[in-house]
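# Analysis of the macromolecular model
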Amino acid sequence: MIQRCYFDTSIFGGFFDPEFSKETKQIFDLIAEGKILCIYSDLCEEELILAPSRISKLVEKIPKEFKQKILVTPECLELAALYIKHKVVGLTSLDDCIHIATATLYRVDALLSWNFKHIVNSNRITGYNHVNSAYGYVKIPIKSPREII
């Protein structure tokens, strides 16, 4: 069964980062093998516009059948605001919260990120999922690619 994984922008940047490239390339191999469906949002697409072209073009290189673009909805923005309201992270991390809220609402199997400060952090994950539970949303598994490989 194919695993539906939401990729935040850091995953694409990790492809060329010496610290993260090995595991990131393994994740992209799993996509090519049809084991992972790369789910990314229009927010990710907007963030990638600012990245160097070799990073921004990575999405284009994934075959259509192995990727899915999803949209940030008003409900995603409301949930992201709740993470801020409940002080899981500060306002400067709003885009990170939007990624998490979007992945939550689309009920992906996991959110993948290399952002250990604001996303893949046990205290933050507990906070995000506490808010999700308190407002009737599902808990979201948040992982680094190292945990998937």
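Presented here is a report on the structure given in the accompanying data block. (Residues numbered from 1 in each chain as written. Predicted model: local features only at pLDDT ≥ 70, side-chain atom pairs only at ≥ 80, totals over all residues. Heavy atoms only, no water.)

## What to know about the packing of helix α6 (residues 74-85) against helix α8 (residues 122-134)
Two elements in contact, α6 and α8, have axes separated by 10 Å at closest approach and are oriented at 120 degrees. When the interaxial angle is binned, α6 and α8 end up oblique. The two elements α6 and α8 meet at a crossing, and its hand is right-handed. Here α6 contributes L79, L82 and Y83 to the contact with α8, which in turn contributes Y128, V131 and N132. Classifying every residue of the contact of α6 with α8 by side-chain character gives 5 nonpolar, 1 polar and no charged. (Axes fitted to C-alpha atoms, helices over the stretch in contact; angles between N-to-C directions. Helix = DSSP H or I, 4+ residues; strand = E, 2+ residues; numbered from the N terminus. Parallel < 35°, antiparallel > 145°, perpendicular 65-115°, else oblique. Left-handed = near helix turned anticlockwise from the far one by under 90°. Contact = heavy atoms within 4.5 Å. Nonpolar A, V, L, I, M, F, W, Y, C, P; charged D, E, K, R; others polar.)

## A short note on the sheet that holds strand β1 (residues 3-7)
If you trace the 5 strands from one edge of the open sheet to the other, you get β3-β2-β1-β4-β5, paired in parallel fashion. Two strands in the sheet have a free side with no partner beyond their single neighbour: β3 (67-70) and β5 (142-143). Note that β1 and strand β2 (residues 36-41) share 4 bridges and pair parallel. Looking at the pairing, Q3 lines up with I36 of β2. Packing of helix α2 (residues 21-32) onto the sheet brings it into contact with β1, β2 and β4 (110-112), and relative to β2 it is tilted by some 110 degrees. (Pairing = 2+ DSSP bridges.)

## Details of the nonpolar core
In this structure, Y83, I100, L111, Y128 and I142 are the most contacted members of the largest nonpolar core, which totals 26 residues. When sequence neighbours within four positions are dropped, the list of residues in contact with L111 reads Y6, H99, I100, A103, I119, I140, P141, I142 and K143. Listed in part, the 24 residues of the second largest apolar core include I27, I36, Y40 and I62. (Core = buried A, V, L, I, M, F, W, Y, C linked by side-chain atoms within 4.5 Å. Buried < 20%, exposed > 50% of the residue type's maximum accessible area, 1.4 Å probe, protein only.)

## Quick notes on the packing of aromatic side chains
For the structure shown, the criterion picks out 9 aromatic pairs. When the centroid spacing of 6.1 Å and the interplanar angle of 85 degrees are considered together, the rings of F7 and F28 count as edge-to-face. With F7 in strand β1 and F28 in helix α2, the pair connects residues that are 21 residues apart, well separated along the chain. Note on accessibility: F7 and F28 belong to one class, buried. Taken together through their ring pairs, the aromatic side chains of F7, F12, F15, F16 and F28 make up a single cluster. Seen from the ring of F15, K25 lies directly overhead, with NZ or CZ sitting 5.3 Å from the centre. (Phe/Tyr/Trp six-rings, centres within 6.5 Å; stacked < 30°, edge-to-face > 60°. Lys NZ or Arg CZ within 6 Å of the ring centre and 35° of its normal.)

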